[in-house]
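Given next are the chains, with one letter for each unit.
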Amino acid sequence: MTQILLPFTQFVLKVHSRCDLACDHCYVYEHADTSWRARPRTISDQVLAKAAARIGEHAAAHRLPAVRAVLHGGEPLLAGPDRLRRTAERLRAALPPDCTLDLRIHTNGVLLDRRFCELFDELGVRVGVSLDGDRAANDRHRRYADGRSSHPQVLRAVDLLRGPEFRHLYAGLLCTIDVANDPVAVYRALAELEPPAVDFLLPHATWDTPPERPPGGGSDPYARWLLAVYDRWDADQRPFAVRTFESVHRTLRGLSSLTEALGLEPADLVVLETDGSFEQADSLKTAYDGAPATGLDVFRHSLDEVARHPGMMDRQSGLAGLSAECRSCPVVRSCGGGLYAHRYRSDGGGFDHPSVYCGDLMTLINGISDRGAAPVAPDATPTADAGPAATGQPAAGEPTAAVTVPGQAAAPAAPVLTDRQLADLARGHGGADAVRALRLSQLAITRAMLAAVWDAAGLRSSAAWELLAALDTAAPGAVDTVLGHPYVRAWAARWLSGDTGDGLAPLAELAAAAAVRAGRGDALAVPVRGGVLNLPTLGRLTVGGGEAVVTGGPEGFTVRTGAGELIRLGGGPGQDPRWQPLRRIRLAGGWAPALEDTDPRRDSHQWPVQGRLDDTELLCWTGALREAWELLGRDLPGYAEGVRAGLNTITPLRPGPAGRDVSAAARQAFGAVGIARPATAPVLALLIAHEFQHVKLGAVLDLWDLYDAGDTRLYHAPWRPDPRPLEGLLQGTYAHLAVTEFWGSRALAYDGLPGAAADHTRLQFALWRAYTAEAVERLADSGSLTPLGLRFAAGMRETIAPWLAVELPGAAEEGARRAREEAAVTG
């Protein structure tokens, strides 16, 4: 049977073939293959130009929407800034306009300095760094040739990437496992560096050269090492992505793996060496001398020819390409036979064997499965989770809002915003610390509004209120997590405005949810409305009518229905099918927004909300959010940090009329935006940034007056046909700062490139920078801004100024001018 040709989407480019370290576990220089000795040290301009052309023609022929290129070595930084610049520019120029380039570099970090970081910032190159843990762990293998430690230099490099200036470039850390190192110590050392992702890699080995195993350590010491890390990572609420663990989660649910080392997905990666030769995966260098070679090169062969190489086809053959022993294994669909190179044995059969790590992979997969931690979708958690506060304790270093007790209405806490933070918000940005301060002030307002609801209800006592007050003393983090849910304040605002149709039932729901999070064993009777028990931040349970008693506990919680049935929830997989948990999507860098499709009060936006997402739609949201978040970090780094700190809820909306992209923020729902999932991830990224601008500014307006509320005039917003109140113009202008920067960043990436996509991007940029600049001046000239409002206008002017200075082709400027004229006529 003819095997279908699968195109490559990942390209490893060796830009330098030597290294400035002498790591004794390196597969390039210390294992079986010796081909590096005969290769040029640096990739030539001729090889580079031809490689870029080959990748471009491959992407065009197969209509690839995106490709990933990884600059590698040896040590790629030895190639120098000029050659790295030429590499990035040629790759980007060679791709079709509708193909996105995900460009990365993997380095040992010892040469990484500000000069390189500024270059990578300019070129959009994300950086991964090799680090094996603390100094003792790292020094076991990663040393200079003279024996010196490389650890201080690597930490200095990672500190650069961790800082706010270059955080968006920080792709993650790669750690090669040594079972002689303490797994928890290694985990903690890496976690302290706040990586968005960590890859824990098994050291390359074969049946001929098996991995080091401690005496008496059995057949699975690497699995036990990884499971120790897994337990700590899971207890810490999974603060960063780990491909190995997430791949096991996914494959246990029948989804695709994120790494070639697990699962049955076909390999789609090819390596280009400095001499222009194409090779298979680098890991094959550990098998035998010449193992990764194809005999093909960039000058004489197309990438389609490389894809037809027998070795490439073998790595794309899935279950059929595994040994008989592997095919009969119960965990084969998760394990996938392990990494192809790790199956090699020279005394017969070649790669037709199980992995030399077979016992470890079996223990690891079963261990994770036994822990009941596999999510229903990639990076989506079916169990309730809200980060550190899920334990009932606030996050480290994060203050809780003022305590509210029955009968007392607490005033909002004084905003803890420095002048620098306020200036940053005035410019439209707002880092993590500023947004956290806004979030805390919003929590205090929510508490005050709940106290006002209690006072207005005129009740002397309530089991729900008394439990909430008791938990506020015993487990304030649990209470803060529940009261921080965006739609709690939305309900309180409706109740205080006279919409009291739910009575005080939501108060019991809040207290029960806090009790579940606190895990103390508190029990509370909660009204069941419409046959559904709602627990904000946790989910909903279909239980019939009447009343249900919710009891929190350290290992989950129980619900006793009015009919006497006892339902146990929250203890891992195998949940009652009537339970619909709130699901979070875990993304790189620690952002884990909830997809809110259970709370009955989420209908607080101007567009109707979507119902419960089925598994297919959940997967679509997960993939779209993963890509959109990466685009936000790349194109809008000044906004992404604030999004991560303050946007905890995305509420799916129904599609708009005639395919219109629909999104909305709600003034009484800080931390949430409503979005109908658009067709593309870039549009989703734009909608998230745009709507969160409204969220931030709404929180600012709760604390300070930026304009004279007595001004009842209507103002023309350049992007709308209908005149708006002054606050509407202010909100729109603030939101469109992000829109301008989004299109501006993309226009710069297309600089000098032809094509419809590039022309559309430049037109949008020209249009939105003109709209936003005009609106800023209209605000400043209104005569109704307060001194702080004028400071915000000046900040927005400062942000838009450099974008106005960007030169664009005359066609883009003319197109924007015509669009504005047509809009004015229509209006």
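Structure's up top.
So, how was this worked out
Residues numbered from 1 in each chain as written. Predicted model: local features only at pLDDT ≥ 70, side-chain atom pairs only at ≥ 80, totals over all residues. Heavy atoms only, no water. Helix = DSSP H or I, 4+ residues; strand = E, 2+ residues; numbered from the N terminus. Rg over C-alpha atoms; globule rule 2.2 N^0.38 Å. Buried < 20%, exposed > 50% of the residue type's maximum accessible area, 1.4 Å probe, protein only. Contact = heavy atoms within 4.5 Å. Salt bridge = Lys/Arg side-chain N within 4 Å of Asp/Glu carboxyl O. Phe/Tyr/Trp six-rings, centres within 6.5 Å; stacked < 30°, edge-to-face > 60°. Lys NZ or Arg CZ within 6 Å of the ring centre and 35° of its normal. Pairing = 2+ DSSP bridges. Right-handed = clockwise from strand over helix to strand, strands pointing away. Axes fitted to C-alpha atoms, helices over the stretch in contact; angles between N-to-C directions. Parallel < 35°, antiparallel > 145°, perpendicular 65-115°, else oblique. Nonpolar A, V, L, I, M, F, W, Y, C, P; charged D, E, K, R; others polar. Core = buried A, V, L, I, M, F, W, Y, C linked by side-chain atoms within 4.5 Å. Expected span 1.5 Å × (residues − 1). Polar contact = N/O pair within 3.5 Å; in protein donor to acceptor, adjacent residues only side chain to side chain.

1. Observations regarding the overall build of the chain
Turning to step 1, where the next piece is worked out: A count of helical and extended segments in the chain gives 26 helices and 25 strands.
Turning to step 2, where the next piece is worked out: In terms of C-alpha radius of gyration, the chain reaches 28 Å, essentially the compact-globule figure of 28 Å for 827 residues.
Turning to step 3, where the next piece is worked out: For the chain, the C-alpha atoms occupy an extent of roughly 85 × 70 × 55 Å along the three principal directions.
Turning to step 4, where the next piece is worked out: Relative to its 827 residues, the chain shows a buried fraction of 57%.
Turning to step 5, where the next piece is worked out: Taking the intrachain contacts of the chain between residues at least 6 apart in sequence as the baseline, contacts between residues at least 24 apart amount to 71%.

2. Quick notes on the pattern of salt bridges
Turning to step 1, where the next piece is worked out: Here the structure, examined in full by the defined rule, presents 61 salt bridges.
Turning to step 2, where the next piece is worked out: Put simply, Glu641 and Arg644 hold a salt bridge, and the shortest N to O gap is 2.1 Å. Of this pair, Glu641 and Arg644 both sit in helix α21 (residues 637–646), separated by three residues, roughly a single helical turn.
Turning to step 3, where the next piece is worked out: A residue is classified by how much of its surface remains accessible, and Glu641, at 26% relative accessible area, is partly exposed.

3. Topic: the packing of aromatic side chains
Turning to step 1, where the next piece is worked out: Under the counting rule described, the total for this entry stands at 19 aromatic pairs.
Turning to step 2, where the next piece is worked out: With a centroid separation of 5.8 Å and an interplanar angle of 40 degrees, the aromatic rings of Tyr187 and Phe240 are classed as tilted. Of the two residues, Tyr187 sits in helix α6 (residues 183–191) while Phe240 sits in the loop between α7 (221–235) and β7 (241–242), which places them 53 residues apart along the sequence. A single burial state applies to Tyr187 and to Phe240, both of which are buried.
Turning to step 3, where the next piece is worked out: Through pairs of rings, three or more aromatic residues link up here, namely Phe200, Trp225, Tyr230, Trp233 and Phe245.
Turning to step 4, where the next piece is worked out: We note Arg115 situated over the ring of Phe116; from NZ or CZ to the ring centre the distance is 4.8 Å.

4. Observations concerning the pairing of strand β6 (residues 197–201)
Turning to step 1, where the next piece is worked out: Where strand β5 (residues 170–176) and β6 come together, four bridges link them in parallel fashion. Paired with Leu174 across the strands is Asp199, a residue of β6.
Turning to step 2, where the next piece is worked out: Between the parallel pair β5 and β6, the chain is carried across by α6, and the sense of this crossover is right-handed.
Turning to step 3, where the next piece is worked out: Summarising the sheet, β6 and β7 pair through two bridges and their orientation is parallel. Considered in β7, the bridge of Val198 is made with Val242.
Turning to step 4, where the next piece is worked out: In this region the chain leaves β6, passes through α7 and returns to the parallel neighbour β7; the handedness of that crossover is right-handed.

5. Things to note about the packing of helix α8 (residues 243–252) against helix α13 (residues 358–370)
Turning to step 1, where the next piece is worked out: Closest axis-to-axis distance for the α8/α13 pair is 10 Å, and the angle between their directions is 70 degrees. Between α8 and α13, the angle is such that the two are roughly perpendicular. Across from Thr244, Phe245, Val248, His249 and Leu252 in α8, the residues of α13 making contact are Leu364, Ile365, Ile368 and Ser369.
Turning to step 2, where the next piece is worked out: In terms of residue class, the contact of α8 with α13 is built from six nonpolar, three polar and no charged.

6. Observations regarding the sheet that holds strand β13 (residues 532–535)
Turning to step 1, where the next piece is worked out: Taken in spatial order, the three strands make up an open sheet running β13-β14-β18, and their pairing is antiparallel. Of all strands in the sheet, those bounded by a partner on one side alone are β13 and β18 (579–581). Across this sheet, the average inter-strand angle for adjacent strands is 15 degrees, counted without regard to direction.
Turning to step 2, where the next piece is worked out: By the bridge criterion, four bridges tie β13 to strand β14 (residues 539–542) in an arrangement that is antiparallel.

7. Quick look at the side chain of His309
Turning to step 1, where the next piece is worked out: Along the polypeptide, His309 turns up in the loop between α9 (303–307) and α10 (310–314).
Turning to step 2, where the next piece is worked out: The buried category is assigned to His309, whose relative accessible area is 16%.
Turning to step 3, where the next piece is worked out: Not counting chain neighbours up to four residues away, the residues in contact with His309 comprise Gln280, Ala293 and Thr294.

8. Side note on unusual backbone geometry
Turning to step 1, where the next piece is worked out: Of note, the amide linkage connecting Gly73 to Gly74 takes the cis form, showing an omega dihedral of 20 degrees.
Turning to step 2, where the next piece is worked out: You can see Gly74 is positioned in the loop between β2 (66–72) and α2 (81–94).
Turning to step 3, where the next piece is worked out: Positioned with a positive phi, Glu194 is a non-glycine residue whose angle comes to about 50 degrees.
Turning to step 4, where the next piece is worked out: Mapped onto the elements, Glu194 comes out in the loop between α6 and β6.
Turning to step 5, where the next piece is worked out: Its identity is not glycine, yet Thr537 carries a phi of approximately 75 degrees, on the positive side.
Turning to step 6, where the next piece is worked out: Secondary-structure assignment places Thr537 in the loop between β13 and β14.
Turning to step 7, where the next piece is worked out: Given the relative accessible area of 5%, Thr537 is considered buried.

9. Remarks on the packing of helix α14 (residues 419–426) against helix α15 (residues 432–457)
Turning to step 1, where the next piece is worked out: Relative to each other, α14 and α15 sit at 95 degrees, their axes nearing to 9 Å. It follows that α14 is roughly perpendicular to α15 by the angle criterion. Contact residues: α14 offers Arg420, Gln421 and Leu425, while α15 offers Asp433, Ala434 and Leu438.
Turning to step 2, where the next piece is worked out: Considered class by class, the residues forming the contact of α14 with α15 number three nonpolar, one polar and two charged.

10. Description of the side chain of Asp424
Turning to step 1, where the next piece is worked out: Assignment of secondary structure puts Asp424 in helix α14.
Turning to step 2, where the next piece is worked out: Beyond its immediate stretch of four places on either side in the chain, Asp424 contacts His429, Gly430 and Gly431.

11. Section: the nonpolar core
Turning to step 1, where the next piece is worked out: Counting residues in each nonpolar core, the largest one holds 98 residues, and the members touching the most others are Leu84, Leu112, Phe120 and Phe200.
Turning to step 2, where the next piece is worked out: If one sorts the elements of this core by residue count, α7 sits on top with eight residues.
Turning to step 3, where the next piece is worked out: Contact partners of Phe120, with chain neighbours within four places excluded, come to Leu77, Leu84, Ile105, Leu112, Val125, Val127 and Leu169.
Turning to step 4, where the next piece is worked out: In this structure, Val435, Ala699, Ala747 and Ala816 belong to the second largest nonpolar core, which totals 78 residues.

12. Things to note about the pairing of strand β3 (residues 100–107)
Consecutive residues of a regular strand have side chains that alternate between opposite faces of the sheet.
Turning to step 1, where the next piece is worked out: Burial runs high along β3: seven of the eight residues are buried.
Turning to step 2, where the next piece is worked out: In terms of strand pairing, β2 meets β3 through six bridges, oriented parallel. Bridge pairing in β3 links Arg68 to Asp102.
Turning to step 3, where the next piece is worked out: The β-α-β motif built from β2, the intervening α2 and the parallel element β3 has right-handed crossover chirality.
Turning to step 4, where the next piece is worked out: Two elements, β3 and strand β4 (residues 125–130), share five bridges in a ladder whose sense is parallel. For Arg104, the partnering residue across the bridge sits in β4 and is Arg126.

13. Here we look at the sheet that holds strand β1 (residues 10–14)
Turning to step 1, where the next piece is worked out: Reading across the sheet, the ten strands line up as β7-β6-β5-β4-β3-β2-β1-β8-β9-β10 and stay open at both edges, with mixed pairing between neighbours. If you trace the sheet from one side to the other, it starts and ends with β7 and β10 (293–297), each paired once.
Turning to step 2, where the next piece is worked out: Here helix α1 (residues 45–61) sits on the sheet and contacts β1, β2 and β8 (269–272); the angle it forms with β1, its principal contact strand, is near 180 degrees.
Turning to step 3, where the next piece is worked out: Of the strands in this sheet, β4 and β5 touch helix α5 (residues 151–162), which is tilted by about 145 degrees from β4.

14. Re helix α20 (residues 615–635)
Turning to step 1, where the next piece is worked out: In this model, α20 (21 residues) spans 30 Å end to end at C-alpha, consistent with the 30 Å of a helix rising 1.5 Å per residue.
Turning to step 2, where the next piece is worked out: Buried residues of α20: Glu617, Leu618, Trp621, Thr622, Ala624, Leu625, Ala628, Trp629, Leu631, Leu632, Gly633 and Asp635, and no others.
Turning to step 3, where the next piece is worked out: In this structure Asp614 caps α20, since a side-chain oxygen of it lies 3.2 Å from the backbone nitrogen of Thr616.

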